[in-house]
Amino acid sequence: MNALGPSLAPYIRSSRTLKKYVAPVAHWYANLMGYRKMGLKYDDLQIEENPQVQRALGRLTPRETYDRAYRFKIASDCDLHHTPLPKEQWSKPEDDKRYLMPHVLDVLKEEEERFAWDTMTVQRK
């Protein structure tokens with residue numbers, strides 16, 4: 001298990017039959033979660049206390065960092081007023097791209113590589 005948790009997504013994407021049945025349920029569930037009604041993206045919901053996610057957040061561009069902070073500010077305001085955003089301001093599914101996941105995966109690869117180098121044993125010929 002990695003920092004993002006277990007995932008069956010690669011297996012489901014590889015099977016056309018499974019994808020046909022699971023995709024509508026996944027879209028329904030994403031809409032049911034309600035984070036898009038607050039203007040958030042899926043990666044905004046990642047647990048920030050995780051060290052890998054912390055390092056990945058540090059690798060975001062200034063624009064991505066600003067957009068993330070702005071989305072949190074809007075979501076906090078919506079929560080304070082107990083009302084979701086107007087429907088035209090909701091996050092659209094096509095805009096809900098995983099902006100943080102590539103950075104987290106890079107951090108995990110670097111940690112694996114560091115572990116491999118740290119535990120390497122030298123053998124004489």
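The structure under discussion appears in the preceding block.
Worth saying up front: this structure is predicted, and the values here are computed from it rather than measured.

Draft legend 1. Quick peek at helix H4 (residues 62–81). With 20 residues, H4 should reach 28 Å at 1.5 Å per residue; the first-to-last C-alpha distance of 29 Å fits that figure. By the burial criterion, the buried members of H4 are Arg68, Arg71, Ala75 and Cys78. Down the axis of H4, the smallest arc covering the buried residues is 85 degrees, so these residues share one side. Of the exposed residues in H4, those oriented more than 90 degrees away from the buried face are Pro62, Tyr66, Lys73 and Leu80. Contacts made by the buried residues of H4 are with helix H3 (51–58). Looking at the residues trailing H4, positive phi occurs at His82, about 60 degrees.

Draft legend 2. A look at the nonpolar core. Among the nonpolar cores identified, the biggest contains 9 residues, and these are Val53, Ala56, Leu57, Leu60, Tyr99, Leu100, Val104, Val107 and Leu108. Looking at this core, the elements that each hand over two or more residues are H3 and helix H5 (101–118). Apart from residues no more than four positions distant in its own chain, Val107 is found in contact with Gln52, Arg55, Ala56 and Arg59.

Draft legend 3. Quick look at the packing of aromatic side chains. This model, assessed by the stated rule, comprises 2 aromatic pairs. Plain terms: the ring middles of Tyr66 and Tyr70 are 6.4 Å apart, the flat faces sit at 15 degrees to each other, and that makes the pair stacked. Note that Tyr66 and Tyr70 are positioned in helix H4 at a spacing of 4 residues, about one turn of the helix. For Tyr70, a relative accessible area of 46% gives the class partly exposed.

Here is what the cut-offs are and how they apply
- Residues numbered from 1 in each chain as written.
- Predicted model: local features only at pLDDT ≥ 70, side-chain atom pairs only at ≥ 80, totals over all residues.
- Heavy atoms only, no water.
- Helix = DSSP H or I, 4+ residues; strand = E, 2+ residues; numbered from the N terminus.
- Expected span 1.5 Å × (residues − 1).
- Buried < 20%, exposed > 50% of the residue type's maximum accessible area, 1.4 Å probe, protein only.
- Arc of directions from axis to C-beta.
- Contact = heavy atoms within 4.5 Å.
- Core = buried A, V, L, I, M, F, W, Y, C linked by side-chain atoms within 4.5 Å.
- Phe/Tyr/Trp six-rings, centres within 6.5 Å; stacked < 30°, edge-to-face > 60°.

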